[in-house]
Amino acid sequence: MSPEIPAPNSSPADEPTQAADKPIEATVDTPAQANAPKASAPQDAQTAQVAQAPMLHPLQAPASDSAPETVAVSRHNFIERNREIVDAAEERARSRQHPHGRRTARERIAELLDENSFAELNRFAGGDMTKGSLGSAVITGLGSIDGRPVAVYAQDFSIMGGTLGEVEGDKILHLMDRALSLRIPIIALLDSGGARIQEGVTALAQYGRIFKKTSECSGVVPQISVILGPCAGGAVYGPALTDFIIMTRKSSYMFVTGPSVVKAATGEEIAAEDLGGGDLHNSISGVAHFLAEDEEEALDYARTLLSYFPSNCEEEPPLFAYDPALGEPQNARRVGELVPESPKQAYDMVEVIEAIADNEEFLEVQPLFAPSVLIGFASFEGRPAGVVASQPLADAGTLDVDASEKAARFVQFCDAFGLPVVTLVDVPGYRPGSEQERAGIIRRGAKLITAYANATVPLVTVIIRKAFGGAYIVMGSKSLGADVNFSWPASQIAVMGSEGAVDIVFRRQLAEAGAQGRDVAEQRAHYQRLYEQTAVNPNLSLHGGQLDGLIEPGRTREAISRSLRVLARKRRNINSPRIHDNAPM
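Below: a short report on this structure.

Here we come to the pattern of salt bridges. Opposite charge on two side chains permits them to pair, given that their charged atoms come into close proximity. Under the defined criterion, the tally for this structure stands at 35 salt bridges. For the salt bridge of E120 with R106, the shortest nitrogen-to-oxygen distance reads 2.9 Å. On the criterion of sequence distance, the pair formed by E120 in strand β1 (residues 119-121) and R106 in helix α4 (residues 105-112) is long-range, its members being 14 residues apart. A salt bridge links D483 to K570, with the nearest nitrogen and oxygen atoms 2.9 Å apart. With a gap of 87 residues between them, D483 in the loop between α17 (469-474) and β15 (484-487) and K570 in the segment after α22 (556-567) connect regions that are remote in the sequence. Classification of K570 by relative accessible area gives partly exposed; the value is 26%. Sharing partners across several salt bridges, the network here consists of D177, K212, K213 and E216.

All right, on to helix α11 (residues 295-306) then. With 12 residues, α11 extends 17 Å between its outermost C-alpha atoms, agreeing within 8% with the 16 Å of an ideal straight helix rising 1.5 Å per residue. Listing the buried residues of α11 in full gives E295, A298, L299, Y301, A302, R303, L305 and L306. Its side-chain oxygen placed 3.3 Å from the backbone nitrogen of E296, D294 serves as the N-cap of α11.

In this section: a negative patch on the surface. A contiguous patch of negative charge on the surface is contributed by D294, E296, E297 and D300. The exposure class of E297 is partly exposed, given its relative accessible area of 31%.

Turning our attention to the nonpolar core. Soluble globular proteins tend to bury their nonpolar side chains together. Membership of the largest hydrophobic core comes to 63 residues, with the highest contact counts inside it found for L189, V226, F309, F377 and V388. For this core, the element with the highest residue contribution is helix α14 (residues 401-416), accounting for 7 residues. Excluding residues that lie within four positions of it along the chain, L189 makes contacts with R108, I109, L112, V152, Y153, A154, Q155, V226, L228 and L299. I172, L173, L180 and C217 belong to the second-largest nonpolar core, a separate cluster that totals 31 residues.

Bringing the sheet that holds β1 into the picture now. One open sheet accounts for 7 strands, arranged β1-β2-β3-β4-β5-β7-β9; its pairing is mixed. If you trace the sheet from one side to the other, it starts and ends with β1 and β9 (290-292), each paired once. Mean inter-strand twist for the sheet, computed between neighbouring axes without regard to direction, equals 20°. Where helix α5 (residues 166-182) meets the sheet, its contacts fall on β1, β2 (138-145), β3 (148-155), β4 (186-190) and β5 (223-227), and the angle it forms with β2 comes to roughly 25°.

Within the structure shown, the criterion is met by 13 aromatic pairs. Their ring planes at 45° and their centres at 5.1 Å tell us that F413 and F417 sit as a pair that is tilted. With a centroid separation of 4.4 Å and an interplanar angle of 15°, the aromatic rings of F506 and Y527 are classed as stacked. With F506 in the loop between α18 (498-505) and α19 (507-515) and Y527 in helix α20 (residues 520-536), this residue pair connects regions lying 21 residues apart in the sequence.

With 10 of its 10 residues buried, strand β14 (residues 459-468) lies for the most part within the structure. Note that strand β13 (residues 421-427) and β14 share 6 bridges and pair parallel. Along β14, the bridge assignment pairs V427 with A467. Across 4 bridges, β14 lies against β15 in parallel orientation. Bridge pairing in β15 links V460 to V484. Crossover handedness for the path β14 to α17 to β15: right-handed. The pairing of β14 with strand β16 (residues 492-494) spans 3 bridges and is classified as parallel. When the bridges of β16 are listed, K466 appears paired with Q492.

On to the pairing of β13, then. Counting buried residues along β13, 7 of its 7 residues qualify, which places the element largely inside the surrounding structure. Neither face of β13 is left uncovered, since the one carrying V421, T423, V425 and V427 and the one carrying V422, L424 and D426 both have all their residues buried. In the sheet, strand β12 (residues 383-390) pairs with β13 via 4 bridges, with the strands oriented parallel. Directly across from G386, in β13, lies its bridge partner V421.

At N359, a residue that is not glycine, the phi angle is positive and equals roughly 55°. Positionally, N359 belongs in the loop between α13 (349-356) and β10 (363-365). Of note in the backbone geometry, A490 takes a positive phi value of approximately 65° without being a glycine. Position of A490 relative to the elements: it lies in the loop between β15 and β16. A490 gets classed as exposed once you look at its relative accessible area, which sits at 69%.

Turning our eyes to something else, we now look at the side chain of K213. Relative to the assigned elements, K213 resides in helix α6 (residues 201-217). Separated by 2.8 Å, the side chains of K213 and D177 make a polar contact. Aside from chain neighbours lying at most four places away, what touches K213 is L173, M176, D177 and L180.

Look at α5 against α6: their axes get within 9 Å of each other, and the N-to-C directions meet at 10°. Comparing their axes, α6 and α5 come out roughly parallel. In this structure, α5 contributes E166, G169, D170, I172, L173, M176, D177 and L180 to the contact, and α6 contributes T202, Q206, R209, I210, K213, T214, E216 and C217. Among the residues making up the contact of α5 with α6, the classes are represented as 6 nonpolar, 4 polar and 6 charged.

Let us look at a nonpolar patch on the surface. On the surface, V495, M496, I504 and V505 cluster together into a nonpolar patch covering about 360 Å² of accessible area. Its place among the elements puts I504 in helix α18.

Moving on, we come to the environment of A389. By secondary structure assignment, the location of A389 is in strand β12. In this structure the C-alpha to C-alpha distance between A389 and V462, which are 73 residues apart in sequence, comes to 9.5 Å. Contact partners of A389, with chain neighbours within four places excluded, come to M349, I353, S372, V373, L374, L424 and M475.

Attention shifts here to the environment of A105. Mapped onto the elements, A105 comes out in helix α4. Separated by 32 residues in the primary sequence, A105 and A137 have C-alpha atoms spaced 9.6 Å apart. Ignoring anything within four residues of it in the chain, the contact list for A105 reads I139, A154, Q155 and D156.

The rules we used
- Residues numbered from 1 in each chain as written.
- Predicted model: local features only at pLDDT ≥ 70, side-chain atom pairs only at ≥ 80, totals over all residues.
- Heavy atoms only, no water.
- Salt bridge = Lys/Arg side-chain N within 4 Å of Asp/Glu carboxyl O.
- Helix = DSSP H or I, 4+ residues; strand = E, 2+ residues; numbered from the N terminus.
- Buried < 20%, exposed > 50% of the residue type's maximum accessible area, 1.4 Å probe, protein only.
- Expected span 1.5 Å × (residues − 1).
- Polar contact = N/O pair within 3.5 Å; in protein donor to acceptor, adjacent residues only side chain to side chain.
- Patch = residues over 30% accessible without salt bridge, like charges linked within 9 Å, V, L, I, M, F, W, Y side chains within 5 Å.
- Areas by Shrake-Rupley, 256 points an atom, 1.4 Å probe, with all protein chains shown as cover.
- Lys, Arg positive; Asp, Glu negative; His and termini not counted.
- Charge placed at Lys NZ, Arg CZ, Asp CG, Glu CD.
- Core = buried A, V, L, I, M, F, W, Y, C linked by side-chain atoms within 4.5 Å.
- Contact = heavy atoms within 4.5 Å.
- Pairing = 2+ DSSP bridges.
- Axes fitted to C-alpha atoms, helices over the stretch in contact; angles between N-to-C directions.
- Phe/Tyr/Trp six-rings, centres within 6.5 Å; stacked < 30°, edge-to-face > 60°.
- Right-handed = clockwise from strand over helix to strand, strands pointing away.
- Parallel < 35°, antiparallel > 145°, perpendicular 65-115°, else oblique.
- Nonpolar A, V, L, I, M, F, W, Y, C, P; charged D, E, K, R; others polar.

Shown next, in the form of structure tokens:
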């Protein structure tokens, strides 16, 4: 490797230092990484580089991106010169990233894509080959994942702290336009200090254009954001607009205002991990959809996620190779043994889903957030589907504001990209209490109604054990447009459970029993049995057409697979005179 020299007319001594604006300054206070031996407390060494990295005009090259000398480029030396510049930049990136347990931008792209499939676009935009400058802090291009074309861009933290300026914005926008025209997914690998303050409002305007383009792409091509470092300030709204966000534990951060700004504005002292780390956004805020232990797991999850849905909204979902001898789950016929008969006894719905899915595989989404409802992807006889299910292990499977929004966004995504939705119901109702009312359960719970009511993809619903009240309606009921609704025998379907209903329906009889000196508890138990026999069993739903049939638990997979096979020919009528609805947001 040739020795590196400063770019012409610049030197580290007289170049302006990256002065962090408020969001970027916040990243300087990121806590030290556990696996970063050279990081010094109280801040992460990589995020500290945002403030330390010299900032250059886009046409100037950082010292370590420079070739030995200014060289005229011709057809004879083009390949060698190109390789020399990239190698120098990559060596510099490795020296900055590897000591802190992080890959370089090019290494991340190579890990994500099929081998040797990446074709870089606009490599020297904003740069100068004769001066050895790559020019920008983002790498953009096209590649493939499992043979399917994708568009990908990766921010390069080793160049100007990965900050975004005019050139970086133009490259990203050009890539997104290309993805729209080719109708291929977009994957963003984010690791940046935010807007480049030296470019002022120009940098901010580029973020605005990216936000607008992301919104244009929404529902047309899948968009996945992988946060592999800091993502601060207004930059956080870019990934927030995409379909899925993947974060890594202890090394990725998202916040609008960082620790320094929070302290200056409110006096509160808080670590970056507590303010916007992966644990927080996966378990509390619900911003992220998966928490990976490291970069390798994050990129692997992105690849797996992509395998379940089509490349665009006009394409049919992919079909997996399916061999009944190999893909048939062993416990499908015994799934009933996983569910206790008592409606008050908890069980793990994940085990039920795995028991009926191909190869016993269920790719869960947002497993740490709003755990009372499960969402994720599975396949049935090779057909991928979105799965929404109650989780009795968490708060008895009740719906609350977070669970409602979690399920609603997922159903909306599946509908946008033609994925059937399989709903497994075991819900006692909405979570009661003043806390939920104040949190907006009426407005936010209505989002789930809108998602199911507007869905035009095949909808298959199975009531496992119980479905009460409004929660019964919103969880893929026939009245909201589900195509096929089944129930296990002896399931409980009613306005409310017998305990609450008896105190209302038979309150006069219970009062008379008490006045006459009879055992009120015994009378209440009698009326509960009577209510369950006449009003809670699925017979009323069968009679009223709200159920298409009762199925043996052991035939649940068979019923779902058969339904999806028939509904694959369903015509989706999306013609409407309205511009869009005005559902609660």
